[in-house]
Amino acid sequence: MNRTTLSLIAGIAALAAVTGFAVLDTPDTAATAGAHAAKAAAELPVERTSLLCPAPSLSDLAETSYTSFTPVIKGTGSDGKAELQPAAVQSGNGTGGKAGGKKKAGKPVLTPKEPGAPVTGDTSGSGTPALLGTAEGKFAPGWTLQETTEVAAGTGRGLQGVNCTAPDTEFWFPGASTAADRTDYVHLTNPDDSAAVVDIELYGKDGALQTTVGEGITIQPHSSEPVLLSTLTAEKQENLTVHVNVRSGRVGAAVQALDDRLGGDWLAASTEPATGLVLPGIPKDATAVRLVAFTPGDSDADLKVRLASPSGSITPAGNETLHVKAGMTTAVDLGDVTRGEAGSLILTPTDQAVPVVAALRVVRGRGAKQETAFIPATAPVGTRATSADNSSKGTTLSVTAPTGTAKVKVTASAGSDGGTAQSKTFTIKAGTTQNVQAPVPSGLKGTYALTVETVSGGPVYAARTLAATEEGVPGFTIQTLPDDRGTVAVPEADEDLSVLQK
């Protein structure tokens with residue numbers, strides 16, 4: 001092995017530490033086998049993270065708050081910064097067209113200061129653009145951004161919330177709609193210096209829908225585009241799966257689902273297609289729960305449906321299994337499935353393992369006082385996950401351990417305006433869901449973050465419900481807590497590689 005090869009390996013290891021996703025695989029050779037095998041990979045904090053927040057609302061009655069938080073993590077340096085820059089806003093027809101050009105973006109709404117305490121900022125009205133966020137150094141590992149919007153009246157009224165997410169190249173959104181009483185937008189945000197090209201595919205109960213302008217949508221650099229789903233197809237379908245596929249570049253994507261009668265919320269992307277899924281954190285007072293599932297492959301999927309309750313795993317009456325036809329969106333109404341107790345939905349294959357995506361639409365309240373939120377299938381908490389923007393009375397943390405008993409540590413950060421961090425440890429029994437009595441910072445002033453860490457056992461899944469009742473309407477929003485990917489595995493080189501040089 002020559003010095004050029006060694007430099008390449010060192011460069012890739014450095015790239016892994018910066019980006020969090022570089023991976024090195026090299027074939028074994030006779031010269032390097034045995035005594036010169038690489039050491040086990042070390043887990044190091046990431047050094048750079050990007051997060052994208054969609055434009056919050058088209059309503060002039062909207063009040064939006066942003067909360068930024070980075071947990072205190074050992075091994076990080078003393079330097080770093082976090083920036084939130086407004087994206088340019090496409091003012092065209094909402095279908096990726098060029099009409100109207102761009103609006104000038106406003107100023108950033110907050111500037112993160114130090115890890116360990118949240119920083120908040122507020123905006124109002126319909127002119128708030130999408131935000132492009134970058135954190136470096138001590139701000140990068142575990143960086144979390146929450147966008148929360150209150151809409152006083154009109155379509156989508158209520159509480160809307162979304163975790164700002166990392167850019168990617170593919171997203172699945174089961175649970176969208178083009179029904180007459182729904183106004184759904186897929187927000188696409190491009191953080192990079194070159195244009196991104198995106199295809200949007202829609203799948204209904206009978207398969208793929210014919211779309212008019214869903215292919216080759218161009219998102220300009222550092223720009224955001226809300227695409228109204230009803231402009232892509234003439235078909236009115238209540239339950240759709242949206243597939244966002246990025247041909248070139250990368251984007252952030254989220255669906256804003258607004259209902260004339262049931263309020264509205266953000267529908268975050270389901271975890272990537274998998275043979276088993278977990279949808280955690282159904283509120284105990286949910287009055288209606290709808291499961292929407294889709295399999296992108298060529299084979300049908302048959303799934304066992306289980307509800308993890310506080311006392312154990314049970315089967316929803318009349319919905320023991322779910323058959324999902326290949327390429328078709330399947331929806332089933334589960335009613336008030338939790339019946340006054342905390343719950344999480346567990347989907348597993350009955351026989352043949354076929355990857356699927358899924359999400360829940362959850363309704364609270366009755367009659368004219370109803371509100372909606374969504375729970376996508378999510379990844380486990382893993383090492384650590386964080387929920388920002390919590391209040392002392394409106395926050396519910398739900399944790400489930402579907403396969404084995406687990407112990408988790410929950411830490412409430414210092415408050416944004418004062419207060420001292422507090423921690424508690426909980427044991428979650430196998431097959432159960434618990435609404436844990438999460439700690440609250442002592443002397444709390446402002447908002448705070450909740451960080452969940454897996455201590456032992458697992459895997460565990462978690463979701464946070466944030467509630468704020470306005471004029472008798474139970475406004476709420478639910479965000480899942482997948483692993484924050486704050487560390488990256490970096491292989492350690494042999495102590496003395498010079499012996500391999502020739």
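Anything mentioned here points back to the structure above.
None of these values were measured; they are calculated from a predicted model. (Residues numbered from 1 in each chain as written. Predicted model: local features only at pLDDT ≥ 70, side-chain atom pairs only at ≥ 80, totals over all residues. Heavy atoms only, no water.)

**Comments concerning the pattern of salt bridges**
- Scanning the model with the defined rule gives twelve salt bridges in all.
- For Arg-48, the salt bridge identified is with Glu-136, shortest N-O distance 2.4 Å. One end of the pair, Arg-48, is in strand S2 (residues 48-53); the other, Glu-136, is in strand S8 (residues 131-137), and 88 residues separate them in sequence.
- Note on Arg-48: relative accessible area 38%, which makes it partly exposed.
- When salt bridges with common partners are traced through the structure, they connect Glu-238, Arg-290 and Asp-333 into a single cluster. (Salt bridge = Lys/Arg side-chain N within 4 Å of Asp/Glu carboxyl O. Helix = DSSP H or I, 4+ residues; strand = E, 2+ residues; numbered from the N terminus. Buried < 20%, exposed > 50% of the residue type's maximum accessible area, 1.4 Å probe, protein only.)

**As for the sheet that holds strand S37 (residues 461-470)**
- Judged by pairing direction, the sheet is antiparallel, and its four strands sit side by side in the order S34-S30-S37-S38 without closing on themselves. A strand with exactly one partner marks an edge of an open sheet, and here the two such strands are strand S34 (432-436) and strand S38 (473-480). Strand-to-strand twist across the sheet, computed as the mean angle between neighbouring axes with direction ignored, equals 25 degrees.
- In this sheet, S38 lies alongside S37 in antiparallel orientation, the contact comprising eight bridges. Along S38, the bridge assignment pairs Ala-467 with Phe-476. (Pairing = 2+ DSSP bridges. Axes fitted to C-alpha atoms, helices over the stretch in contact; angles between N-to-C directions.)

**Focus: the sheet that holds strand S9 (residues 144-151)**
- Strand order in this open sheet of four strands is S7-S3-S9-S10, and the pairing throughout is antiparallel. If you trace the sheet from one side to the other, it starts and ends with strand S7 (119-124) and strand S10 (158-163), each paired once. This sheet shows a mean twist of 15 degrees between the axes of neighbouring strands, independent of strand direction.
- With six bridges joining them, S9 and S10 adopt antiparallel strand pairing. Paired with Thr-148 across the strands is Gly-161, a residue of S10.

**Structural notes on the nonpolar core**
- One finds Leu-279, Ile-282, Leu-291, Leu-345, Leu-347 and Leu-360 to be the most contacted residues of the largest nonpolar core, which totals 29 residues.
- Sort the elements by how many residues they give to this core and strand S22 (residues 301-309) lands first, with four residues.
- In this structure, Leu-240, Val-242, Ala-253 and Ala-359 belong to the second largest nonpolar core, which totals 26 residues. (Core = buried A, V, L, I, M, F, W, Y, C linked by side-chain atoms within 4.5 Å.)

**Regarding unusual backbone geometry**
- The residue after Gly-458, namely Pro-459, is reached through a cis peptide bond having omega 5 degrees.
- Position of Pro-459 relative to the elements: it lies in the loop between strand S36 (448-457) and S37.
- Even without a glycine there, the phi angle at Arg-339 is positive, about 50 degrees.
- Turning to its location among the elements, Arg-339 is positioned in the loop between strand S25 (330-335) and strand S26 (343-349).
- The exposure class assigned to Arg-339 is exposed, which follows from its relative accessible area of 66%.
- Positive phi values are uncommon outside glycine, yet Asp-389 reaches one of about 60 degrees.

**Let's talk about the state of the cysteines**
- A full pass over the atoms with the stated rule returns one disulfide.
- One disulfide bridge connects Cys-53 with Cys-164, the sulfur atoms lying 2.0 Å from each other. Here the S-S torsion is close to 105 degrees, and the disulfide linking Cys-53 with Cys-164 is therefore right-handed. With Cys-53 in strand S2 and Cys-164 in the loop between S10 and strand S11 (170-176), the pair connects residues that are 111 residues apart, well separated along the chain.
- Assessed through its relative accessible area of 0%, Cys-53 is described here as buried.
- Relative accessible area serves as the criterion here: at 6%, Cys-164 is assigned to the buried category. (Disulfide = S-S within 2.5 Å.)

**Structural notes on the pairing of S37**
- As paired strands, strand S30 (residues 395-401) and S37 are joined by six bridges and run antiparallel to one another. In the strand pairing of S37, Thr-395 is matched with Leu-466.

**Digging into the packing of aromatic side chains**
- By the definition in use, this model includes three aromatic pairs.
- Look at Phe-171 and Phe-173: their rings are 6.3 Å apart centre to centre, the planes differ by 15 degrees, and that puts the pair in the stacked class.
- Ring geometry for Tyr-203 and Phe-294: centres 4.8 Å apart, planes at 40 degrees, overall tilted. With Tyr-203 in strand S13 (residues 196-204) and Phe-294 in strand S21 (residues 288-294), this residue pair connects regions lying 91 residues apart in the sequence. By the burial criterion, Tyr-203 is buried, and Phe-294 matches it. (Phe/Tyr/Trp six-rings, centres within 6.5 Å; stacked < 30°, edge-to-face > 60°.)

Geometric descriptors of this kind do not, in isolation, establish any biological role.
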